[in-house]
Structures are given as C-alpha cells and as structure tokens.
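Read off the chains here:
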Amino acid sequence: SDRRELARRLAREIRGEVRFDDGSLALYATDASNYRQVPIGVVLPKDRDDLIAAIGVCRALGAPIVSRGGGTSLAGQACNAAVVIDTSKYFHHILQIDPERRRAIVEPGVILNELNRAASRHGLTFGPDPASRSQCTLGGMIGNDSCGVHSVMAAFAGEGPKTADNVAELEVLTYDGARLRVGKTTDEELSGAMAAGGRRAEIYRGLAALRDLYAPLIRSRYPDIPRRVSGYNLPYLLPEKGMHVARALVGSEGTCVTVLEATLQLIESPAARALCVAGFPDVVAAAQAVPQILTYRPIGLEGFDDRLVADTRTVGANAAGLELLPRGNGWLVIETGGTTSGEARARALKLEIDLRRTGAVDTRVYADAAQQASVWSVRESALGVTSHVPGRQSLWEGWEDSAVPPEKLGDYMRGLRALLERYGFEGAFYGHFGQGCLHTRINFDFHTSAGIGAFRAFLDDAADLVLAHGGSLSGEHGDGQARAELLPKMFGTELVEAFREFKRLWDPQGKMNPGKVVDAYAITDHLRLSADSSTSAATQFRYPADQGDLGRALERCVGVGKCRRLDGGAMCPSFMVTREEAHSTRGRAHLLFEMLRGETIRGGWRDRRVKEALDLCLACKACKTECPVSVDVATYKAEFLSHFYAGRLRPRAAYAMGLVHRWAHWGSRAPGLANWLTQTPGISAAIRRLAGISPDRNLPEIAPQTFRSWFSRRERPGPAPRGSSARSRSLPESSGRRVLLWPDTFSNYFQPETARAAVEVLESAGFEVALPIPRLCCGRPLYDFGMLGLARNLLIRALDALREEVRRGTPIVVLEPSCASVFRDELPNLLADDPDAARLAAQIHLLDEFLGRHPDRWPPGRLGGRALLQVHCHQKSLRGSSSAQMALERLGLGVEQPNEGCCGMAGAFGYEASHSAISLQIAGRALTPALRLAPEGTLLVADGFSCRQQIHHLTGRLPLHFAQVLHRAMAAGS
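Note that the structure is a prediction, hence the values are computed from the model and not measured.

### With respect to the packing of aromatic side chains
Here the structure, examined in full by the defined rule, presents 28 aromatic pairs. Centroid distance Trp605 to Phe640: 6.2 Å. Interplanar angle 45°. Geometry classified as tilted. Linking Trp605 in the loop between helix H22 (585–597) and helix H23 (608–615) with Phe640 in helix H25 (residues 633–644), this pair joins segments that are 35 residues apart in sequence. With relative accessibility at 0%, the residue Phe640 sits in the buried group. What links up through ring pairs into an aromatic cluster is the set Trp396, Tyr423, Phe425, Phe444, Phe446, Phe455 and Phe458.

Here you go:
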C-alpha cells in the first residue's frame, strides 16, 4: 500500500514518467556491476522542478532514493532498493559554454560525448574521459569521480586528472529539501554561511568542525597518488584546497546529495594528435617505462598485456588494430598532441627514439586518424573482449580498478599476478598506466558457494597488496558496495567514522543511496549471480558459444551500456530515437535475464513487458558485432517470440510478411492479377489493412518474369551435370570456377534485375554461374516473428539440397545481406549438430566480398561521379561496411555513407502499421538528411531490399544494387 501511495503521489506531482511496474523494476535492478537490487520504483524527471518535486514526495513518505545516469557503474552504486531517479532521458541539457572562462554549465543527464562535441567547437574538452564516454552522463561521472584515458592530459593542464579536479561549482539538493550552490569557500564566505542560520549554516558548521578534527588523519592516511577514488573526498575540505565543498561532494556516489546542475572546468583540446605504440618484452617492462615517458607530457598513456591481445584475437575483434601493434608481449599506447599534425607526429617520433634506446622491443608511430582509432579500439574494448572468451570461464569485475603510484606499477603487477596464480585465477592486465591505474577482469566463480568464498578471500589479500604499494582500492570506479567493506583497511576506523559524519551532515535520515560507501552492505550481499539462482531454459536455438544455455548467453551483458550511445554505429536504433532503457541491448538482455530468473518478471515466456521491450528491436544484428560482448538480441527476440506464440495465433503481419516467400511464389503465377490487387487504390488499402501493413507504405510489385524463369530460358538444352544439385548455363569461353548464385525471394520475384546483373557480371569475370535446385528460401522474415519451426525446416531443406555442392567447396554468392546473415548466423545455431551447416556458412559470400577475393577477375570498366551508399545492417554485422565502400571506390566513384545509421525499414519492421512511424524516425537520424543533401546525379546504392524500399519511400527513387552498379561499369568498359 505504501508503494501504491508513493506511485500515486509521484504521478500527481511531476510531469515526467513514474514507473512502478515489474518490467521497469527489472530493468533497473542492476547496473554494470556484479550486484542486483530490485528498486521500489523508477522516476524519469522532465526537468529540475520535477526532480525537486520527486524528492519531496519521497521525503514525505520516507522512501530512499538513488540517482542514476547511464547506469554504467561497476561497483553497484546505481542499483538499490530505493526509488531510482534516472536523469538521462529528459534532464540532459547543456545550459552554457563559456569559452573565455573555459567553463560549461550542464544538467546531470548530459552525456560526456555530447558536452565534448559542443566544447570542441571552441577547441576545448572536458579532461576526464572514461571508456564509457559515449553513454555515461556527467551526473554519473560526478557521482563516481570518474577519470579516463586523457586524465593525464588534464593533470598536465593543471586541472587534475579526476572529475573532482575539474568541477568548479555544483547546485545540489539534500534529501530534506535544502538547495545549495557550493564550490570553493573563502574564510569570509565560510563565516557568512555559518552566521546566516538555517540548514546551510548547519552543514557548513559541521564541515568546518569535521575538517578541523580530522585534518591530521586526512593529510596522513590519504595516498598522494594520481588515482585515488576510494573514500569521500575529504582532502578538498582542507584550507590548502580552499575548502572546496563541490569537489568534496564529487565521488560521494549519490549518498549525500542530488546534483541539479554542474559548472565544469574545460581544458584546451589539441588540434592534432599522433600515437607512439611501443612493444616491450612483457607488461611489467612496459609499466616500468612509464615514469620516463611522463617527462614528455603525453596527453594519453595506456598499456595492456599479451593476454588481452590473445583474447582479442580469440574473440575475433579489432583485427585492424591488432595488425598495427609492434612486436612485443606488453604494449604502451602513448598519445601526443600539437597544433598541427606535423608537430604531434614530431613529438611522437622523438619519444620513439628514446624508447628504442631504453627497452622497447619495437615501436610504431601513427599520425593517420583511422589508424589511431584502430589502435585505440584494442585498448578501449578490453572490458568487453576479456569478459567472455570462447572456451574459457567468464571474467568479472570485483578487483578491476586498483591504483598505485605510477613508479610502483610494475612491482604491483608482479605481486598481483602471483596472487592470482595462488588462487587459480586469471585475467588480462590493461589500464591507465600513466597514472598507475590497473584494470583487470578475473574468472571469479559466482555460481557456487565455494567460488563466492574464494572471491571474498581474494579481495582481502588483494587489498593488502595494493595498500602495501601505497595504492588505492579504487582508481576509477569507486567503492559502492564492491569495495566499501574494505575501506577500514585503507583509511582506518577513525577516518571511516569521519565518512559517516560527512554523510550525516548532508543526509541525516540516511535515505540517499543507503548501504553504499558508508555502513555498506557486505561485498557478497545482493550478487547478481548466486549459487541458488537458476536461469536455464529449454530453447530452440543451440547457443553453441554459451554452452547451449540461453541463461549463460544473457550473462554476457556486463552492463557497460555501449548500446546506449546516441551516435556512431548502428546498435539499438530504437534506443537512439526513444532514449528508453528498455529499447537498448542492455535493457532487453536484462529483462530476459530477469524473466528466466522468475522473481521480478513472473510471466515467463508469455510476459507482456518483455514482449513490449522486444517489439521495437529491429533485429538489425548490430549488437552482435558492436556490443563488446556480442549480446545477440536478434536471436533472443526470435527465441522469445517462438515461445510467446506457441499454440497461439500470431499478428496478421506475421502471416503476411513472415510468409512472403509463399505469397510471392503464388503471385508470380499470375503477376498481373497480383499487382492489380496490391496496386489498385481501395483494394490495395484493404489488403494492407488486412495484413497489418501501414497505409503509408506501398507494396512492391511482382516482376512479370521471375529471375529463375529468365535464367532457365537462357540455358542451353541438355541435362544438368550428373550428381549436381544445381543447373548452370554452360559457358565454353569460361575457364573459371563454378559459382552458385542464391536467388532469394526478393531478387527472384520482385527485383530480378539485380540477379540478372549479377549473373552477367560474374560471367564477365570468367565464372560459371549455377542456381540451386529446387526453389529454396532461407526464411529470413520468419525469424522476426519467431516462426523458428518453419525456419528450421527451410534451412534443413536448403542444406540437404546444397550438401553435395558444399562438400565440393563450391562458393555460393548471395545478393541479399539478410540471407547471408541467416546462413552465417542462424544456420549453425539452429543446426549446430550438422557439420555441413558450418561448411555452408563458410562458403557464403556477398557479391562484393566474392569479387574482392578475385581481384584479377574484376570486371573492366569505371564510373565517375558520386555514390551514396546505405549498407544493410546485416551486412555491417557480417563484415562491416568497408568492403562495399572500397568496391565502389574501385569503380571510380566518390562514396559517402550516412553516419552508420540504420535505414529503419529492417525487413518487415517498417512495413508494419505499428512500427512505420518509428521506422521513419530512425531513418531521419542519418539516412534522410544524407539523401536530402546528396547532389543531383548521385547514385543511390543499397544491397538490402528493405533499404532500397525505404529509400524509395523517402525519395521516389529506387536505388541500385551493387551488382547493377558493377553491370553499368562493365557496360561502360566494353
């Protein structure tokens, strides 16, 4: 009844969103940490007034609160049995940038990248920049006292490496309703505040008394190192620090106040950058070179070991970056800056000469921005890459961000490696070596009681080790619940009591993020995984990479929230539009995990809240490659829908578009009649309404002649080769290899001109083209509606028909990227026990990939002009977008790609009446502006049938398939 009253009062008092449903509680039950606590409810305030009102209601009813930004905390700070206040959806405006004073004023929900993008127009940046900068919020960074790759630059700029060092002022709200603007406090200001009376005077009197009482301990017990994040920031209360109350509150992890507004100090951002990458005999040798390198004042200094590189290779990630690494078994990535590229490169070259004289095995310098980005990707994707390595136990946080003086980092690494080996643990070493901060993930066993016991014992020994080296339990991620129990080891019981007093001054009722930092839950309380929880389930897919267990697959989501970024990449296009946690890869994975756990989400496979979250998943597959741990929501969605609709009728659109291969085949027998029905006004509208298709979408016309019919009529008489499962047109002039061309439903029935062009291009290149027998379909649309039984049958039929060709090694060229993704992804997952499934997957090629492997047979001819290339999301997930772009550039075209955006059509998604509007919103992020700005005469190119249909809907123009562009170039060269 208290929860109902709280929800009712909140809904009445604020204009934002109030969510107390089980689905929302499940979404916010965990963050990026090992911990899980189901909240009381969730509030998404629209603005400052909403936030103040929400806390007022919570105060009136005695409800605790926890503030949350991007939910990327690794120590459990952002989950609690409290009312979660999420500022990321609405309360995220940059209020001011003052380039003269180098300051920015922001609301707490602003994403760091958004601030830096705006600041860069003035040549400025915010110094601390964690790897999660594309999704973490400034409010979260203030809560955690975040650092990052370029904190070393901030330190050399004079502001200091941590967020606290770069905060000028904060406007804060206490739980009891006091609003204060805090910052540096002169003696006169302190006297005035204490004399004024009221809550502000009470706080400042308490702060002054606490400072005076504990000053000697503060000066002696806090390690003087670049990366000390553990504990409250009491040193900033000291007179020599100017009694900077704002900075003292930074890093308090939402346990003291709520941030309403922050004034931040910005620093100059170098106009040009270069990288010096140095390989060493091992990672300890790399760490020992750090003090020498710091004399060059680099703007970034990161390191990693050979285990990280080996894991990256095993996972199959960042191949381009790995190729750029010099020889070695431990590496440093050193970034230099300058006003020009030449100046930055000269600094890197000077450093390179010194490193070669003093211990580096090999070095390389990169001034090219793309090469630098590739190298950085090796370091920045470390957390995800090392989490789930095939054939090994999963690795977890828990001791992932300890820090020591930079000059002691090598010795500390030796000791930590020995400690890991003593416990039978392992983990790669990487991190911010320039400031002595070491990251690692460790193969803790959270599934058994013995494993959890070993985890807890290890933490005690690891804490003793880092403190023996003059270090800190946390150098970046904070204490939260993960390290708070260890704080007496680091600071002693008296200073821990000072922490309690500091919290009581701000939060005397103890309602601000209780159980974190001060009087915290035990480290082993509220673990997300535990010995007595089960998430196993019988499934259709086999999940071979996750021991055949969907629950293990869902454990992949470590919560770093890369899926919550608003630009760059194609992952979670629906989140980019809605900014809803439920529409992110992380949100969907967490809901499915909670569904299998069966506590908060109790509806199992029939749960409507899970269904709603998956409804806006476009099954673009971007998450499988862009998510650092390859969370595969497209597969999970198909799995869920197969269970959700078991024994039930599906929506009309499922039968209309999921079975398009059947409708198209029947329509091809009388294309005139079929097109009259689908194109005639009135009749067409009725058909679309009956089929659940948006009235704003035009149905594609069936071609007068199918591609198969065209191909068979150009064959020479005579039987197919004996024992063959395909027909071919004999080509006496060809001395090339035999190739199977896969005639998908769309190129066969709707746009056969694409397949005809492909045949003639391949034959011109000297290949003998054959088609599979009989008529086959990969069944791609079926997955979007969970029709996995029918999809499996179609794959079995296709595999049986192609088995002989597969065993011969015949390459199979596919024109539709979504078909290629079925063969490479769903096929070996559904038919994991058939070895020919893996063989077939390896023999599938898109046309640009296939011809790229045979450059000597590239068709002659070139085209001039410009091309706008929309790469299908499945094509990006398979091989990225570079091969398609390079293929077009080889034809002499200048190529532009929309900013990695999804077109929004996504197979049947954009056709459905319930999705058409958001489909166009998604297109409006990148594709629509690119189309609008494309000069007259620009070739529009898209291999995906759905992409071509979306562009046709937006412009009235039908784009070309790559095969058609090649055909034009071939004709131009003849």
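### Digging into the environment of Arg15
Mapping Arg15 onto the fold places it in the loop between helix H1 (2–13) and strand E1 (17–19). Between the C-alpha atoms of Arg15 and Asp47, which are 32 residues apart in sequence, the distance is 8.8 Å.

### Focus on the pattern of salt bridges
Opposite charge on two side chains makes pairing possible when the charged atoms of those side chains draw close. On inspection of all chains with the given rule, the structure shows 71 salt bridges. A salt bridge links Arg500 to Asp519, with the shortest nitrogen-to-oxygen separation between them at 2.7 Å. With Arg500 in helix H19 (residues 487–506) and Asp519 in the loop between H19 and helix H20 (550–554), this residue pair connects regions lying 19 residues apart in the sequence. Judged by its relative accessible area of 25%, Arg500 falls in the partly exposed class. Of the residues examined, Asp519 reaches a relative accessible area of 53% and is grouped as exposed.

### Quick notes on the environment of Arg181
Residue position: Arg181 is located in strand E9 (residues 179–182). In sequence terms Arg181 and Ala262 are 81 residues apart; their C-alpha atoms lie 9.5 Å from each other. A polar side-chain atom of Arg181 sits 3.3 Å from a polar atom in the side chain of Glu171. For Arg181, the side chain forms a polar contact with the side chain of Glu261, separated by 3.0 Å.

### A closer look at the nonpolar core
A general trend in soluble globular proteins is that nonpolar side chains are found buried together. Counting residues in hydrophobic clusters, the biggest one holds 246 residues, and the most contacted among them are Leu170, Trp399, Phe458, Phe502 and Trp506. Sort the elements by how many residues they give to this core and H19 lands first, with ten residues. What Leu170 contacts, discounting residues up to four positions off in sequence, is Ile142, Leu180, Arg181, Val182, Ala246, Leu249, Val250, Val259, Glu261 and Ala262. Of all hydrophobic cores here, the second largest spans 40 residues; its members include Phe707, Val739, Leu741 and Ala765.

### Brief notes about the sheet that holds strand E4 (residues 83–86)
The strand order E1-E2-E4-E3 describes an open sheet built from four strands, whose pairing is mixed. Whereas interior strands pair on both sides, the edge strands pair on one side only; in this sheet they are E1 and strand E3 (65–68). Across the sheet, the mean angle from the axis of one strand to that of its neighbour is 20°, orientation sign disregarded. Sheet analysis places E3 next to E4, joined by four bridges and oriented parallel. Bridged to Val66 within E4 is Val84.

### Describing the packing of helix H32 (residues 752–764) against helix H43 (residues 962–973)
Helices that pack against each other are described as a pair by the angle of their axes relative to one another and the distance between those axes. It is at 8 Å that the axes of H32 and H43 come closest, and there the two elements cross at 50°. Accordingly, the angle class assigned to the pair H32 and H43 is oblique. Considering how the two elements wind past one another, H32 and H43 form a crossing that is left-handed. Taking contact as the criterion, the partners of Glu753, Thr754, Ala757, Ala758, Glu760, Val761 and Ser764 in H32 are, on H43, Ala963, Gln964, Leu966, His967 and Met970. Its residues assigned to classes, the contact of H32 with H43 shows six nonpolar, four polar and two charged.

### Points about helix H3 (residues 48–61)
With 14 residues, H3 should cover 20 Å at 1.5 Å per step; its first-to-last C-alpha distance of 20 Å lies within 8% of that length. Taken as a whole, H3 has its buried residues at Arg48, Asp50, Leu51, Ala54, Ile55, Val57 and Cys58. You can read the cap of H3 off the contacts: a side-chain oxygen lies 3.3 Å from the backbone nitrogen of Asp49, and it is on Asp47. Note on H3: the residue one or two positions beyond its end, Gly62, has a positive phi of about 75°.

### Structural notes on the sheet that holds strand E24 (residues 866–869)
Within the open sheet, the three strands sit side by side as E25-E24-E26. Their pairing is parallel. If you trace the sheet from one side to the other, it starts and ends with strand E25 (894–896) and strand E26 (939–941), each paired once. Across this sheet, the average inter-strand angle for adjacent strands is 25°, counted without regard to direction. The pairing of E24 with E25 spans three bridges and is parallel. Counted as the bridge partner of Ala867 is Val895 from E25.

### A few points about the pairing of strand E6 (residues 103–106)
Across four bridges, the pairing between strand E5 (residues 94–98) and E6 is antiparallel. Across the sheet, residue Asp98 finds its bridge partner in E6, namely Arg103. Counting the residues between successive antiparallel strands, the hairpin from E5 to E6 contains four residues, one of them, Arg102, with a positive phi of roughly 55°. Bridge count for E6 against strand E10 (residues 258–265) is four bridges, and the pairing is antiparallel. Within E10, the residue paired with Val106 across the bridge is Ala262.

### Comments concerning a nonpolar patch on the surface
The grouping of Leu673, Trp676 and Leu677 at the surface amounts to a nonpolar patch, some 300 Å² of accessible area in total. In this structure Leu677 comes out as partly exposed when scored by relative accessible area, which is 31%.

### Overview of the packing of helix H40 (residues 916–925) against helix H42 (residues 945–955)
Two elements in contact, H40 and H42, have axes separated by 12 Å at closest approach and are oriented at 85°. When the interaxial angle is binned, H40 and H42 end up roughly perpendicular. Here H40 contributes Ser919, Leu920 and Ala923 to the contact with H42, which in turn contributes Gln950, His953 and Leu954. Classifying every residue of the contact of H40 with H42 by side-chain character gives three nonpolar, three polar and no charged.

### Looking at H43
The terminal C-alpha atoms of H43 lie 17 Å apart, and with twelve residues this matches the ideal 16 Å at 1.5 Å per residue to within 8%. Looking at H43, one finds that the buried residues are Phe962, Ala963, Gln964, Val965, Leu966, Ala969 and Met970.

### Points about the pairing of strand E2 (residues 41–44)
Of the two faces of E2, the one lined by Gly41 and Val43 and the one lined by Val42 and Leu44 are each fully buried. As paired elements, E1 and E2 share three bridges and run antiparallel to each other. Note that in E2 the partner of Val18 across the bridge is Val43. Summarising the sheet, E2 and E4 pair through three bridges and their orientation is parallel. The residue of E4 that forms the bridge with Gly41 is Val83.

About the criteria used
- Counting restarts for each chain, with residues numbered from 1 along the sequence as it is written.
- Selection of residues for local features in this predicted model requires a pLDDT of at least 70, selection of side-chain atom pairs for listing and counting requires 80 or more, and totals for whole chains, interfaces and linings are taken over all residues.
- Only heavy atoms go into the side-chain values, all of them from the structure, while hydrogens and water stay out.
- Aromatic pairs are defined between Phe, Tyr and Trp rings, using the six-membered ring for Trp, whenever the two ring centres lie within 6.5 Å; interplanar angles under 30 degrees are classed as stacked, those over 60 as edge-to-face, and all others as tilted.
- By definition, any uninterrupted DSSP run of H or I lasting at least four residues is a helix, any uninterrupted run of E lasting at least two residues is a strand, and each is numbered from the N terminus.
- Burial here depends on accessible area, computed with a 1.4 Å probe over protein chains only, as a share of the maximum for the residue type. Under 20% is buried, over 50% is exposed, and the range in between is partly exposed.
- Here a salt bridge means any side-chain nitrogen of Lys or Arg lying within 4 Å of a carboxyl oxygen belonging to Asp or Glu.
- Pairing of N or O atoms within 3.5 Å defines a polar contact, subject to two protein rules: one partner must be a possible hydrogen donor and the other a possible acceptor, and residues neighboring in sequence count only if both atoms are side-chain atoms.
- As used in this record, nonpolar core signifies buried Ala, Val, Leu, Ile, Met, Phe, Trp, Tyr and Cys residues forming a set joined through side-chain atoms within 4.5 Å.
- The contact rule is simple, with two residues in contact once any of their heavy atoms fall within 4.5 Å.
- Paired strands are those between which DSSP finds at least two bridges.
- Note on definitions: angles span 0 to 180 degrees between N-to-C directions of axes, and those axes are lines fitted to C-alpha atoms, for helices only across the stretch in contact.
- Throughout, the term roughly parallel applies to angles under 35 degrees, roughly antiparallel to angles over 145, roughly perpendicular to angles from 65 to 115, and oblique to all others.
- Here is the rule for handedness: rotate from the far helix to the near one, and if that takes an anticlockwise turn smaller than a right angle the crossing is left-handed, while a clockwise turn gives right-handed.
- Polarity classes work like this: nonpolar for Ala, Val, Leu, Ile, Met, Phe, Trp, Tyr, Cys and Pro, charged for Asp, Glu, Lys and Arg, and polar for all others, with Gly in that last group.
- Multiplying one less than the number of residues by 1.5 Å gives the expected span of a helix.
- Within the patch definition used here, like charges are joined within 9 Å and nonpolar side chains (Val, Leu, Ile, Met, Phe, Trp, Tyr) within 5 Å, considering only residues with over 30% relative accessible area and no salt bridge.
- Working definition of accessibility: Shrake-Rupley area with a 1.4 Å probe, residue cover restricted to the visible protein chains.

Purely spatial values, then, with no claim about function.
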